[in-house]
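# Structural description and commentary
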Amino acid sequence: MPTEFQIRRARLSDAEPIFALIHLNRDQLVPRPMGNIVENIDRFSVAVVGSDIVGCAAFQIHPEIGQPEAATVELQSVAVRSPYRRRGIGKALVEAVAESVRPFRPREMLVLTFAPEFFTSLGFNEIPKTKVMHKLYTGCINCAKHADPFTCPEIAMIRHFEGNPRTAG
Ligand SMILES: CC(C)(COP(=O)(O)OP(=O)(O)OC[C@H]1O[C@@H](n2cnc3c(N)ncnc32)[C@H](O)[C@@H]1OP(=O)(O)O)[C@@H](O)C(=O)NCCC(=O)NCCS
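Everything numeric here is computed off the predicted structure, so don't read it as measured data.

A tally of helices and strands in the protein chain yields five helices and seven strands. Whereas a compact globule of 169 residues would reach a radius of gyration of roughly 15 Å, the protein chain reaches 15 Å, a difference of no more than 12%. In terms of principal-axis extent, the alpha carbons of the protein chain reach across some 40 × 40 × 30 Å. A total of 169 residues make up the protein chain; the buried ones form 33% of that total. Contacts spanning at least 24 positions in sequence make up 69% of the contacts within the protein chain whose residues lie at least 6 apart.

Encoded structure:
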């Protein structure tokens, strides 16, 4: 049965359910303390069913990947509560984040993910992790899941914004 959901920018009052959602998916997502979610709340979009937060997604701009004037935007913390999956909510969240950053005219969106089928269905393509070395050495090196970013099974993927055909790195 189709689920009626709404995608909107996050509010400060959403920080706690966002924290819970990320924590529930801690095997796939980088953990985020409450303080980090609150100070980055303007970078989050959420999916709402009734009064419940059932999904979230965020972005971070990386001036060091690509060129600063058309920097790469990383998608982060993309999660949908399991009973609500495969109903188009994840896709709607990713597209909402893409629309929210499009006015900045970034070159591409990057994601590091254990869910490549999902991102392939949204037009993302795998790239070698060596293209995003900076991200690996600032983000991944502090990850507690894998000692070596290059043996971690997470996959780097990008999707270009139209009119900006260059790749990351
Ligand atoms: C990945 C995730 C966000 C997808 O959310 P979702 O709401 O189920 O995604 P959608 O319903 O929008 O899926 C869109 C398309 O992606 C593909 N897809 C999604 N989940 C998939 C899966 N588990 N296996 C294969 N393809 C998948 C399908 O093509 C799907 O279209 P379809 O249902 O018409 O076949 C969700 O499974 C999740 O929260 N996973 C745990 C956290 C995670 O891994 N996040 C990504 C890390 S960045």
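Every buried residue of helix α1 (residues 15-24) is accounted for by Ala15, Ile18, Leu21 and Ile22. All buried residues of α1 lie within an arc of 125° about the axis, which places them on one face of the element. Each element contacted by the buried residues of α1 is listed here: α2 (34-39), β2 (44-49), β3 (52-62) and β4 (72-80).

On to the site of the ligand. The immediate surroundings of the ligand are formed by 20 residues, with Arg85, Gly90, Lys91, Glu117 and Ser121 found nearest. Taken together, the elements giving at least two residues each to the shell around the ligand come down to β4, α3 (89-101), β5 (108-113) and α4 (116-121). A per-class count over the shell around the ligand returns nine nonpolar, six polar and five charged.

The next point concerns the nonpolar core. Core analysis: the biggest nonpolar cluster contains 39 residues, and Ile18, Cys56, Ala57, Leu75 and Val111 have the highest contact counts within it. For this core, the secondary structure elements donating two or more residues are α1, β2, β3, β4, α3, β5 and β7 (155-160). In this structure valine 111 touches Glu74, Leu75, Phe119, Phe124 and Met157, once residues within four positions along its chain are discounted.

Bringing the environment of proline 116 into the picture now. Considering the arrangement of structural elements, one finds proline 116 in helix α4. Separated by 36 residues in the primary sequence, proline 116 and cysteine 152 place their C-alpha atoms 14 Å from one another.

Time to look at unusual backbone geometry. In this model, arginine 86 sits at a positive phi of 60°, which is unusual for a non-glycine residue. Mapping arginine 86 onto the fold places it in the loop between β4 and α3. A residue is classified by how many C-beta atoms lie within 10 Å of it, and arginine 86, with 9 of them, is exposed. Of note in the backbone geometry, arginine 105 takes a positive phi value of approximately 60° without being a glycine. Within the secondary structure layout, arginine 105 lies in the loop between α3 and β5.

Conventions adopted
Residues numbered from 1 in each chain as written. Predicted model: local features only at pLDDT ≥ 70, side-chain atom pairs only at ≥ 80, totals over all residues. Helix = DSSP H or I, 4+ residues; strand = E, 2+ residues; numbered from the N terminus. Rg over C-alpha atoms; globule rule 2.2 N^0.38 Å. Buried ≥ 20, exposed ≤ 12 C-beta atoms within 10 Å, placed from the backbone. Contact = placed C-beta atoms within 7 Å. Arc of directions from axis to C-beta. Near = placed C-beta within 6 Å. Nonpolar A, V, L, I, M, F, W, Y, C, P; charged D, E, K, R; others polar. Core = buried A, V, L, I, M, F, W, Y, C linked by C-beta atoms within 7 Å.

Function cannot be read off these values alone, since they describe shape.
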